Amino acid sequence: MIVQFPTPYPDELLYSILGRYHIRSGNVFLKHTMEDLFGKRTVSATALLPSNIRTLVSHLPEYTALSEETLIRKHTLFPLVSAFLPEDRANSIYQAMLSVDGKKIYMQSGVMANSIPQNKVFKFCPGCFREDLEQYGELYWHRLHQLPGHLLCLKHRLWLEDSNVPIINSNKHCYILPTIENCDLSKERQVESDIYKQFFGILKPMENLLNGSYSYKSFSHFTNFYRKYLREKGYTTAKGKVKQERFYEAFRRFYPDNLLTNLQVKLDSKDSWLVSITRKHRKSFHPYYHVLLLDFLGLDINDVFTETLLNDPFRNLQGACLNVVCPDYKREVIQTVTIRRCEKTKQPIGRFTCPTCGFSYTKKGSILTNPNEYSRIMDFGPLWKEGLATLLGEDLSYREIARKLNVDTNTVIKYKEIIRSENVADSQSNTHTIELLESHRHAWLQLQKEHPILSKTELRNMAPSTYTYLHRHDKDWLRINSPIKRTNRLENKRVNWQERDRDTLYRVQKAREELLNKKENWKRITVKSLGDLIGERALLEQHLVRMPETKAFIDKVRETEQEFRLRRVRQVIKDMKQTEEVIKTWKVLRKAGINPKFFKTIPDALFRT
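In this text the structure is predicted, and so the values were computed from the model without any measurement. Sequence order as written defines residue numbering, which begins from 1 separately in each chain. Under the rules for a predicted model, residues below a pLDDT of 70 receive no local features and side-chain atom pairs below 80 are neither given nor counted, while totals for whole chains, interfaces and linings still include all residues. Calculated side-chain values reflect all of the structure's heavy atoms, with hydrogen atoms and water omitted.

This paragraph deals with the layout of surface pockets. Using protein atoms alone on a 1 Å grid, points that fit a 1.4 Å probe yet trap it form a cavity, whereas open point sets bounded by protein on both sides within 12 Å along at least five of seven lines form a pocket; residues with an atom within 4 Å of a point count as lining. Grid points are joined across faces, edges and corners, and a volume is the space filled by probe spheres set on the points. In this structure, the second largest pocket spans a volume of roughly 970 Å³. Thr46, Leu48, Leu49, Tyr106 and Ile168 are, among the 43 residues lining the second largest pocket, the residues nearest its centre. Of all elements in the fold, only α5 (78-82) and α7 (104-109) reach the threshold of two or more residues within the lining of the second largest pocket. Working definition: helices are DSSP H or I runs of at least four residues, strands are E runs of at least two. Numbering for both runs from the N terminus. Ranked by residue count, the leading element in the lining of the second largest pocket is α7, at three residues.

Below you can see the structure in the form of C-alpha cells.
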C-alpha cells in the first residue's frame, strides 16, 4: 500500500497526479513506481482514458478521500467522451477503465472511429502555468487543455501552446510532468476579441461537460431533439425530412473556416458527419459535433440533457405488468419506457418491460391512457414460460390454459413447441459439449505422446483447433497438461548487411517496375508499398539506414501524393491515346481517381500533350 499520495489539483489529469507521485516517492526507476501504484510493472502510462483505476485505488492510503468515481469523473476525459452515449455504453466504458484490460475503452467511446485526431503532444496555457507556479510551486497537466485541436484558454485569453512532451511516449511506462524546460512559458499569444467570442460558444460547453454531471440519453432522444429544432428553424419538410443542402449551406455560413480548422472539424463535402447527425442516430458522434450543432441552433448544452420533448406521449408515464403469473400483475412497477418511432406512421411507440418477470409489451396510439391494454407483446419472459410449462403438465386443454394465461389458444400451442425444442436443444447441447471437451482433451494428450520432444507452441501449431478450444473452455486443464516451457538460448547470428543491401536493392527495383506497370489498382511508390510487395516491410521500415544503396534508391523513386496523382493522369492519357479515345479533362480525372478538391493542382498542359 502507498503511504503518501499527492492531493490532486483542480482539473489535473490522473496521468499528472501519478507523475507527481513518482517524483515524491523517490523511486529511481519508473517500473518501481508502477509496482507501487498497480502491483505490477507492466502497466502502461495512459494519459487521457486510463484503465486499472480499481487496482490503483486499492493501493492508495487506507483513509484516502479519493475514490474510483472521483478519479474517473474529475481527472480523466471520461465525462466528455461518454456524455452523448447511451447509459449502457457509458457504463461499459466506466467498467473498462476500472478493469485491468482497457482495450474496449477507445472502441466503445467512438474515439477510434471519429475523424478528429487526438493531439500528439500535451498542451498548456502560459498564464495558467505561471499561476500554478505561484500558487502550488509546481506545474501540472490541465485536463481541459488536452482537448483535440488548436484551442485557447478562456480564462487568460491566450492560445494554448505545444509542449515537448508526447501524449503517447516511446517509453510506455513513463509519466512526464510539465517543467520550464519542456514547456516554453515565454510564449504568449493573445487571442483577438472576435476569435475569442467564436471559441467561447464551443469551449464553454466543453468545459461544462467535463465538470458537470448529466443524465445519459438514448440515441433516439438526440435524433428526436435535433429534428424538433431543425423543424422549428425551417430546415425540414412537412414530413420531417431534413433539407440537407439548405441546412449545409447555412451551417457553413454560420461558422468561419478558421474556427472549424482549429477544432479539426472537416466539412469538405455535403455527405459529411453533418448529414449523419441529423438522421437517425445509430452510432456515437464526437462531442464537438454535438456542441457545434447546438450552438448553430441557438441552444445551450443543458437543453439537450434536461428537456423532455413536448410531443413525447410517454413523458412521466408508468406501466403496469400485464403478465398474469407475475407477483406484480397490474401493479405499476415499470418506471422506464424505451421509445422509438414507427417507420411508416412516425408515431412514437413505447416499450414497457417488467423488472420482475421480464414480460415486455408496446403501446401506441389511442390506448396510451388505458393501463391494461397493449399494442403488441414483444417478450413473455421466463416466468410466463415457466407458468405455461406448469399448466401443460396438468393435462388441461389448450383453451383452458389460454384463459388462465390471458392469451390466445394459438399462442399456447406455439410456445408449447418452443419450450419443447428448447429443452431438447439444451439437453443435446450439454451432452455434445461434454463429449467435445473430452475429445479435445484426448487429442491433446495423444499429440504429446506421439511428439514428446515438441514444445507447447509447436504442438499448438500442429493442432490449432484443439488448442484454441481447450484454451477457451478448459484453460486450467490445458496449463497443467502441457509441456513445460523451455528456455532457448539465442544464437548470435550476425547479418551481412552489405550482401543484404544488394539483394534487397534488386528486389526493390523489380517491385518498383511492377508498381509502375500496373494498369489498375494503382499504388503510390513508398517504403510501405515496396516493402509489402517484396514481403519485407518491417526490414525497410526499421533497418533501411543499414542498407545505404537501397535507401538511396528509395529516396530517389518514392512519390509524393502530388507526383502519384500526376502519374495516374499521364497513364490514363497514354492509354486513351492508344485506344484513340477523345481526351476530355473530366473523363481523365475520373478514370485516374482524382478527388475533386485536387482538380486545380493538375496542370492543364498535361491534357494538351
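With that settled, consider the environment of Asp11. Counting through the fold element by element, Asp11 comes out in the segment before α1 (14-25). Linking Asp11 and Trp141, residues 130 residues apart in sequence, is a C-alpha distance of 8.4 Å. A contact between two residues is defined here by any heavy atoms of the two lying within 4.5 Å. Those residues within four positions of Asp11 in sequence are excluded, and the remaining contacts are Tyr140, Trp141, His142, Arg143, Leu144 and Asn211.

Another aspect to go through is the pairing of strand β6 (residues 348-353). Remember that side chains alternate between the two faces of the sheet whenever the strand is regular. The pairing of strand β5 (residues 337-341) with β6 spans five bridges and is classified as antiparallel. When the sheet's bridge partners are listed, Val337 is paired in β6 with Phe352. Pairing between two strands requires that DSSP report at least two bridges joining them. What sits between β6 and strand β7 (residues 360-363) in their antiparallel hairpin is a turn of six residues, with Gly358 showing a positive phi close to 85°.

Further remarks concern the environment of Asp295. Within the secondary structure layout, Asp295 lies in helix α14 (residues 287-296). Think of it in three bands: residues with accessible area under 20% of the maximum for their type are buried, residues over 50% are exposed, and the middle band is partly exposed, with areas taken using a 1.4 Å probe on protein chains only. Judged by relative accessible area, Asp295 falls into the partly exposed class, the value being 24%. C-alpha separation for the pair Asp295 and Thr278, spaced 17 residues apart in sequence, amounts to 14 Å. The residues contacting Asp295, other than those within four sequence positions of it, are Gly201, Ile202, Phe254 and Tyr255.

On to the packing of aromatic side chains, then. Stacked, tilted and edge-to-face are the three classes assigned to paired rings of Phe, Tyr and Trp, where Trp is represented by its six-membered ring and a pair needs centres within 6.5 Å; plane angles under 30 degrees give stacked, over 60 edge-to-face, the rest tilted. All told, the structure shown has 35 aromatic pairs when counted by the stated rule. Between Phe254 and Phe296, the ring centres sit 5.4 Å apart and the planes meet at 85°, which makes this aromatic pair edge-to-face. Taken together, the residues span a long stretch of sequence, with Phe254 in helix α11 (residues 244-254) and Phe296 in helix α14 at a distance of 42 residues. When the centroid spacing of 5.4 Å and the interplanar angle of 80° are considered together, the rings of Trp384 and Tyr415 count as edge-to-face. In this pair, Trp384 is assigned in helix α16 (residues 381-392) and Tyr415 in helix α18 (residues 409-450), connecting sequence segments 31 residues apart. Joined through ring pairs, the aromatic side chains of Tyr235, Phe247, Phe251, Phe254, Tyr255, Trp273, Tyr289 and Phe296 make up one cluster. For a lysine, the NZ atom is tested; for an arginine, the CZ atom; a charge sits over a ring if that atom is within 6 Å of the ring centre and within 35 degrees of the ring normal. For the cation-ring pair, Arg157 lies above Tyr196, with the distance from its terminal atom to the ring centre recorded as 3.9 Å.

Here, expected helix span is obtained from the residue count minus one, scaled by 1.5 Å. With twelve residues, α1 extends 16 Å between its outermost C-alpha atoms, agreeing within 8% with the 16 Å of an ideal straight helix rising 1.5 Å per residue. Burial runs high along α1: nine of the twelve residues are buried. Where the residues of α1 are buried, they touch α2 (30-38), α3 (53-59), α4 (68-75) and β1 (121-124). A positive backbone phi angle near 80° is found at Gly26, which sits one or two residues after α1.

If you trace the backbone, Glu559 turns up in the loop between α25 (548-557) and α26 (561-578). With near-sequence residues (within four places) excluded, Glu559 lies in contact with Lys523, Arg524, Ile525, Thr526, Phe564 and Arg567.

A few words now on the sheet that holds β5. Within the open sheet, the four strands sit side by side as β5-β6-β7-β8. Their pairing is antiparallel. Every other strand in the sheet has two partners, leaving β5 and β8 (376-379) as the edge strands with one partner each. Recorded for the sheet is a direction-independent mean angle of 30° between the axes of neighbouring strands. Across four bridges, β6 lies against β7 in antiparallel orientation. When the sheet's bridge partners are listed, Arg351 is paired in β7 with Thr362. Axes, fitted as lines to C-alpha atoms, cover a helix only where it is in contact. Angles between the N-to-C directions of the axes lie from 0 to 180 degrees.

This part is about a positive patch on the surface. Side chains of Lys280, Arg282, Arg340, Arg351, Lys364, Arg376 and Lys414 sit close together on the surface and give a patch of like positive charge. Mapped onto the fold, Arg376 is located in strand β8. Judged by relative accessible area, Arg376 falls into the exposed class, the value being 54%. Nonpolar side chains (Val, Leu, Ile, Met, Phe, Trp, Tyr) within 5 Å and like charges within 9 Å form the patches, drawn only from residues with over 30% relative accessible area and no salt bridge. Residue-level accessible areas treat just the shown protein chains as cover; the underlying method is Shrake-Rupley with a 1.4 Å probe. Salt bridges are counted wherever a side-chain nitrogen of Lys or Arg sits within 4 Å of a carboxyl oxygen of Asp or Glu. In this tally, Lys and Arg are treated as positive and Asp and Glu as negative; His is ignored, and so are the chain termini. Note that the charge is assigned to NZ on lysines, CZ on arginines, CG on aspartates and CD on glutamates.

Inspection of every chain in the model, using the stated rule, returns one cavity of 30 Å³ or more. Within this model, the largest cavity holds a volume of roughly 50 Å³. Forming the walls of the largest cavity are Leu14, Leu18, Phe38, Val43, Ser44, Thr46, Pro50, Ser51, Asn52, Ile53, Leu56 and Tyr175. Within the residue set of the lining of the largest cavity, elements represented by two or more residues are α1 and α3.

It is the contact of α4 with helix α6 (residues 87-98), at a shortest axis distance of 11 Å, that shows an interaxial angle of 115°. Looking at the two axes, α4 sits roughly perpendicular to α6. In this structure, the crossing between α4 and α6 has a hand that is right-handed. Here Glu68, Glu69, Ile72 and Arg73 of α4 lie close against α6, whose contacting residues are Tyr94, Met97 and Leu98. All amino acids are sorted into three groups, where Ala, Val, Leu, Ile, Met, Phe, Trp, Tyr, Cys and Pro are nonpolar, Asp, Glu, Lys and Arg are charged, and the leftover types, Gly among them, are polar. Taken together, the residues of the contact of α4 with α6 break down into four nonpolar, no polar and three charged. With respect to orientation, any angle under 35 degrees is reported as roughly parallel, any angle over 145 as roughly antiparallel, any angle of 65 to 115 as roughly perpendicular, and every other angle as oblique. Put simply, a crossing is left-handed when the front helix is turned counterclockwise from the back one by less than a right angle, and right-handed when it is turned clockwise.

With that out of the way, let us pick up unusual backbone geometry. Leaving glycine aside, a negative phi is the common case for residues, and trans is the common case for peptide bonds. Positive phi, close to 60°, is recorded for Gln264, a residue that is not glycine. Assignment of secondary structure puts Gln264 in the loop between α12 (257-263) and α13 (273-277). For Glu580, which is not glycine, the phi torsion reads 55° and is therefore positive. For Glu580, the position within the fold is in the loop between α26 and α27 (585-591).

This part takes up the pattern of salt bridges. For the structure shown, the criterion picks out 28 salt bridges. In this structure, Glu513 and Arg512 form a salt bridge, with 3.7 Å as the shortest nitrogen-oxygen distance. Under the relative-accessibility criterion, Glu513 is labelled partly exposed at 40%. Taking the relative accessible area as the measure of exposure, Arg512 reaches 23% and is therefore partly exposed. Through salt bridges with shared partners, a single ionic network connects Glu12, Arg20, Arg24 and Glu138.

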